[in-house]
Amino acid sequence: MVEQAEYKIKLPTFEGPFDLLFHLIKKAEVDIWQVSIADITEQYLAYLQSMKELNLEIASEFLVMAATLLRLKSKLLLPRSPKFQEQDEEEELFEINTAEELFQRLEEYRAFKKAALHLRQKEEEQKKVFLRSTGGQKIMVFTQQESVYTIWEGAHHLSEIMQRFAKIAAQREYVPAFSAVEDFVIARKADYIYAVLRQKRRSVPMKDFVIESSLWEVIITFIALLEMSRQRKVNLLQDRPFEPILVSLIEKQPELFQPEEGESGERTAKESY
Amino acid sequence: MEKEQQKRAIEALLFLSEEPVKTDKVAAALSTTSGEAEKMIEELQEELSAQGRGLQIFEAAGGYQMGTRPDLSSFLEKAFSEEVSSNLSTAALEVLAIVAYKQPVTRIEIESIRGVRSQHVLDNLLKRKLIKISGRKEGPGRPLLYVTTADFLKYFGLKDLGELPELEVENEGAE
């Protein structure tokens, strides 16, 4: 009755045990209400077996369903004892105690599967209609299933950062005037950083470059370091957010610090040089 | 003459709008009645289709919206290929279907129908704003209740939930 070989060749993926059961019933070309529990259990287990042989991971829901099916099957075989009431609270997903309940659930699932198919058709139709849209779904970037970010979220984060910054500045009763951050001040700070690093010959925490510890000086130091980093004069290292930023000097070794665009995998052996 | 001017205004309004526009909003902008506005929108709709134009007016999420004709999609995809988003997964559609028909619905109810844990799918649908949390169900644990959003209707090009076909459940063995 069961053609095991057929399952081995190609295993379709299913959304869950109901999906698999539904597929098996459709394959047997019988109505949901006419299914033999014994047959369906056998086929279901055969499918799980072939999954096992292919070393596929079997989700726990599938195993719980297998147990449920076996219990239903054994119930049909064993004489009924009215006093015996099963106590099982292991899984709320499958509170299925009779074949009728199983069919009921399958029937319900089938209806929703059909509804989902209808939604798929509508989705396809709608995909062909382009809207005048800048703020709608079409700017969403879907990289993986779990990470969905929109440009708006990014903008939201940015405004949050700016708000926090303004809050801190207000607390210190000092709003930095950016016009005061003049180039020569930054350049002087950079010179100072450079001198310290050359003298110490090791990495130095960023806070060590701040002498007066005013907010303004912190900003100057940070800008100076960013600029030096951009010019590949220093390395900035931070283990994780909010940890101290370590600054170290980049020694003049052009071979080691020339990233070749588009050839990152290639390494020229110049060690002997 | 006056009416022609109003129809041109409606065309421009629908062209500019990124969201479906409700008839009362159109009516307010043109200082006319909702009934009149709707009639003119329908006339515009027919004109666009009769002239075989590249744009169409259709009903979505309780309003009217202007969009391109489906048969032009292959040309447009070439021009805007980077902006086309991916389709929803089968799991996502199953969950959406359940939420759409049974709302407000809890996660446990959804999982019991699907026979599969569905928290992850729900989270993604929330992020995509196709569903939202409408409140909590009274009872043990006060679980969250999920409903579909206007974006859901927009995404599938539905006027309202009534446009979904009836759920076909056969209850032969029930009683």
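Conventions we followed
Here the residue numbers are simple positions, counted from 1 along each chain's written sequence. In the order they appear in the text, chains get letters beginning with A and ligands get numbers beginning with 1. Per-residue local features are limited, in this predicted model, to residues with pLDDT of at least 70; the limit for side-chain atom pairs, both in listing and counting, is 80 or more; totals at the level of whole chains, interfaces and linings are taken over all residues. Secondary structure is summarised from DSSP: a helix means a run of H or I of at least four residues, a strand means a run of E of at least two, and numbering begins at the N terminus for each. What counts as a contact is two residues whose backbone-derived C-beta atoms lie within 7 Å of each other. In this usage, the nonpolar core is the set of buried Ala, Val, Leu, Ile, Met, Phe, Trp, Tyr and Cys residues whose C-beta atoms join them within 7 Å. Residues with at least 20 other C-beta atoms within 10 Å of their own are called buried, those with 12 or fewer are called exposed, and the rest are partly exposed. The C-beta atoms themselves are positioned from the backbone. Any two strands with at least two DSSP bridges between them are considered paired. Note on geometry: axes are lines fitted to C-alpha atoms, helical ones only across the stretch in contact, with angles between N-to-C directions running from 0 to 180 degrees. Each angle gets one of four labels, with under 35 degrees taken as roughly parallel, over 145 as roughly antiparallel, 65 to 115 as roughly perpendicular, and the rest as oblique. Each crossing gets its handedness from the near helix: less than a right angle anticlockwise from the far helix is left-handed, clockwise is right-handed. Ten residues, namely Ala, Val, Leu, Ile, Met, Phe, Trp, Tyr, Cys and Pro, are considered nonpolar, four, namely Asp, Glu, Lys and Arg, are considered charged, and the remaining ones, Gly among them, are considered polar. A helix is expected to span 1.5 Å for every residue after the first. The score called pLDDT rates the predictor's confidence residue by residue, from a low of 0 to a high of 100.

A. The overall build of chain A, seen in detail. When you go through chain A residue by residue, the secondary structure sums to 8 helices and 5 strands. Taken from N to C terminus, the helices and strands of chain A fall in the order α-α-α-α-α-β-β-α-α-β-α-β-β. Pairs at least 24 apart in sequence give 61% of the contacts found in chain A among residues at least 6 apart.

B. Structural detail: the nonpolar core. Judged by nonpolar contacts, the single largest core of 45 residues is most densely connected at Val95, Leu96, Ala97 and Val99 of chain B. Among the secondary structure elements, those contributing two or more residues to this core are helix H2 (17–27), helix H3 (37–53), helix H4 (60–77) and helix H5 (99–127) of chain A together with helix H5 (90–102), helix H6 (107–114), helix H7 (119–127) and helix H8 (150–155) of chain B. For this core, the leading source of residues is H5 of chain B, giving 9 residues. Setting aside its immediate chain neighbours within four residues, alanine 97 of chain B contacts Phe112, Ala115, Ala116 and Leu119 of chain A. Core analysis: the second largest hydrophobic core is formed by 12 residues, Ala190, Val204, Ile220 and Val234 of chain A among them.

C. Here's a closer look at the sheet that holds strand E4 (residues 234–237) of chain A. All names here are of chain A. Overall, antiparallel pairing links the 3 strands, which are arranged E3-E5-E4 in an open sheet. The open sheet has two free edges, formed respectively by strand E3 (204–205) and E4, since each of these has just one partner strand. In the sheet, E4 pairs with strand E5 (residues 246–249) via 4 bridges, with the strands oriented antiparallel. The residue bridging leucine 236 from the neighbouring strand is valine 247, located in E5.

D. Fine view of the pairing of E5 of chain A. Pairing geometry for E3 of chain A and E5 of chain A, over 2 bridges, is antiparallel. From the neighbouring strand, valine 204 of chain A faces E5 of chain A, where its bridge partner is valine 247 of chain A.

E. Here's a closer look at the packing of H2 of chain A against H3 of chain A. All names here are of chain A. H3 packs onto H2 with a crossing angle of 120° between their chain directions and a minimal axis gap of 10 Å. With respect to each other, H2 and H3 are oriented oblique. Between H2 and H3 lies a crossing of right-handed hand. Packed against H2, whose contacting residues are Leu20, Leu21, Leu24 and Ile25, the element H3 presents Ile40, Gln43, Tyr44 and Tyr47 at the interface. A breakdown of the residues in the contact of H2 with H3 according to their chemical character gives 7 nonpolar, 1 polar and no charged.

F. View of the pairing of strand E1 (residues 55–60) of chain B. All names here are of chain B. Where E1 lies against strand E2 (residues 63–68), 6 bridges are found, and the strand directions are antiparallel. Among the inter-strand pairings, leucine 55 is bridged to a residue of E2, identified as threonine 68. Where E1 folds back onto E2 in an antiparallel hairpin, the turn is made up of 2 residues, including alanine 61, whose phi is positive at roughly 45°.

G. The environment of alanine 97 of chain B, seen in detail. You can see alanine 97 of chain B is positioned in helix H5. Separated by 70 residues in sequence, alanine 97 of chain B and leucine 167 of chain B have C-alpha atoms that sit 9.8 Å apart.

H. Expanded view of the packing of H5 of chain B against H7 of chain B. Residue and element names in this part refer to chain B. In the contact formed by H5 and H7, the axes pass within 10 Å of each other and the chain directions differ by 80°. If you check the angle between H5 and H7, you find them roughly perpendicular. Contact residues: Ala91, Ala92, Val95 and Leu96 in H5; Val121, Leu122, Asn124 and Leu125 in H7. Tallied by class, the residues present in the contact of H5 with H7 amount to 7 nonpolar, 1 polar and no charged.

I. Here's a closer look at H5 of chain B. For H5 of chain B, spanning 13 residues, the distance from its first C-alpha to its last is 18 Å, which sits close to the expected 18 Å at 1.5 Å a residue. Across the 13 residues that make up H5 of chain B, a large majority, 10, are buried. Among the residues of H5 of chain B, Ala91, Ala92, Leu93, Glu94, Val95, Leu96, Ala97, Ile98, Val99 and Ala100 of chain B are the ones counted as buried. In the core, the buried residues of H5 of chain B are packed alongside H5 of chain A together with H6, H7, strand E3 (131–136) and strand E4 (144–148) of chain B.

J. The arrangement of the confidence of the model for chain A in detail. All names here are of chain A. Overall, the prediction assigns chain A a mean pLDDT of 70, with 62% of residues at 70 or greater. Looking across chain A, the model is least confident in strand E1 (residues 141–142), with a mean pLDDT of 30, and most confident in E3, with 88. Confidence drops under a pLDDT of 50 for residues 1–9, and excluding neighbours within four residues, the segment shows 10 contacts in the predicted structure. With pLDDT under 50 throughout, residues 254–273 is counted as low confidence; its partners more than four residues away or in other chains account for 3 contacts.

K. Expanded view of H2 of chain A. Of the positions making up H2 of chain A, those classed as buried are Pro17, Phe18, Asp19, Leu20, Leu21, Leu24 and Ile25 of chain A. Here the buried face of H2 of chain A lies against H3, H4 and H5 of chain A together with H6 of chain B. Taken from the residues just after H2 of chain A, glutamate 29 of chain A is the one with a positive phi, measuring 55°.

L. Looking closely at unusual backbone geometry. Residue and element names in this part refer to chain B. A cis amide bond links glutamine 103 with the next residue in sequence, proline 104, at an omega value of -5°. Tracing the backbone through its elements, the reader meets proline 104 in the loop between H5 and H6. Despite not being glycine, serine 31 has its phi angle at roughly 45°, a positive value. Along the chain, serine 31 turns up in the loop between helix H2 (23–29) and helix H3 (34–50). Unusually for a residue other than glycine, arginine 142 sits at a positive phi of about 40°. Within the secondary structure layout, arginine 142 lies in the loop between E3 and E4.

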